[in-house]
Amino acid sequence: MHIEPGVVHGAKMVLAYGTAAAAAGYSLKLIADELKTRSVPSFVARSALATVAVFIFFELLPHFPVGISEVHFILGTTLLLILGIAPAAVGLMAGLAIQGIFFAPSDMPMYFVNITTLLVPLFAIGALARKALPQNVAYVDLKYMDVFKLSAAYQGGVVAWVAFWAFYGQGVGAETFASVTSFGLAYMMVVLIEPLIDLAVLAGAKSMKGLRDSGLVTDRLHNAA
């Protein structure tokens with residue numbers, strides 16, 4: 001999902017600064033809401049876990065260039081379901097920053113573009129989880145189609161933002177259209193695989209009874225809304 005340096009540049013970066021600032025501001029609201037019901041140590045621990053997980057997802061899991069960008073297993077739905085939306089947002093911001101600063105400095109000019117691409121779809125599936133998922137069921141008891149909805153929405157949001165940045169930065173041309181199309185088709189593989197990963201992680205969490213009161217997972221993991 002990385003937008004490579006040069007795709008968006010010059011004065012057009014102002015929009016990326018604005019969207020990233022808005023996403024960061026909304027993340028602060030989510031954090032404030034989180035701290036009304038959960039302790040600071042719990043939030044910090046889950047945010048740290050999310051950061052480590054995001055770094056592993058980006059840097060260690062298989063990823064490959066396709067079209068305009070790269071295909072990654074971002075596993076945004078996994079972070080949301082296990083850790084909660086606020087820690088997931090912090091993890092995505094921090095994990096991407098760590099990867100860029102220490103392992104891919106050339107990507108840092110696009111940090112604000114990429115963080116928008118990651119966070120806005122996360123906020124969307126956070127709302128979808130409240131509206132479309134069964135509220136009388138704990139996350140560990142969700143079915144494949146439940147997590148498929150979230151995964152499809154998240155990955156679809158990522159693809160949509162990548163397409164937007166590509167056309168915004170490079171213009172609507174045949175080459176850009178072909179690159180965006182190949183990238184979007186490649187991400188369909190992720191949409192099919194990610195729900196299976198989510199279900200496996202949820203099954204593991206369900207078997208680990210000690211997690212329920214540990215403060216290391218979101219309350220919704222083991223409890224209905």
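To be clear, the structure that these remarks concern was listed above.
Starting afresh in each chain, residues are numbered from 1 along the sequence in its written order. This being a predicted model, a pLDDT of at least 70 is required before a residue's local features are given, and a value of 80 or more before pairs of side-chain atoms are given or counted; all residues contribute to the totals for chains, interfaces and linings. Just so you know, side-chain values use all the structure's heavy atoms and leave hydrogens and water out.

Enquirer: Report on the packing of aromatic side chains, specifying residues and quantitative values.
Expert: We call Phe, Tyr and Trp rings a pair once their centres come within 6.5 Å, taking the six-membered ring for Trp, and we label the pair stacked below 30 degrees between planes, edge-to-face above 60, and tilted otherwise. Counted by the stated rule, this structure contains 11 aromatic pairs. Note on Y144 and F148: the rings are 5.9 Å apart at their centroids and 25° apart in plane angle, and the pair reads as stacked. Note that Y144 and F148 are positioned in helix α6 (residues 144–170) at a spacing of four residues, about one turn of the helix. Between W165 and Y168, the aromatic rings sit 6.1 Å apart at their centres with planes inclined by 70°, giving edge-to-face as the arrangement. Of this pair, W165 and Y168 both sit in helix α6, three residues apart, roughly one helical turn. Whether a residue is buried, partly exposed or exposed follows from its accessible area with a 1.4 Å probe, protein chains only, as a fraction of its type maximum: under 20%, in between, or over 50%, in that order. Here Y168 falls in the partly exposed class, since its relative accessible area comes to 24%. Runs of H or I in DSSP of at least four residues are treated as helices and runs of E of at least two as strands, each being numbered from the N terminus.

Enquirer: Can you explain the packing of helix α1 (residues 13–37) against helix α2 (residues 40–60)? Please cite residues and give values.
Expert: In contact at an axis separation of 8 Å, α1 and α2 are set at 130° when each is read in the N-to-C sense. The angle between the axes of α1 and α2 places the two elements in the oblique class. Contacts between α1 and α2 involve I31, E34 and L35 from the former and V40, F43 and R46 from the latter. Ten residue types, Ala, Val, Leu, Ile, Met, Phe, Trp, Tyr, Cys and Pro, are classed as nonpolar, four, Asp, Glu, Lys and Arg, as charged, and the remainder, Gly among them, as polar. In terms of residue class, the contact of α1 with α2 is made up of four nonpolar, no polar and two charged. Angular values range over 0 to 180 degrees, each being the angle between N-to-C directions of two axes fitted as lines to C-alpha atoms, with helices fitted over their stretch in contact. To sort the angles, those under 35 degrees are grouped as roughly parallel, those over 145 as roughly antiparallel, those from 65 to 115 as roughly perpendicular, and the leftovers as oblique. Residue contacts are counted whenever heavy atoms from the two residues lie within 4.5 Å of one another.

The quantities given are spatial measurements derived from coordinates; they are silent on function.
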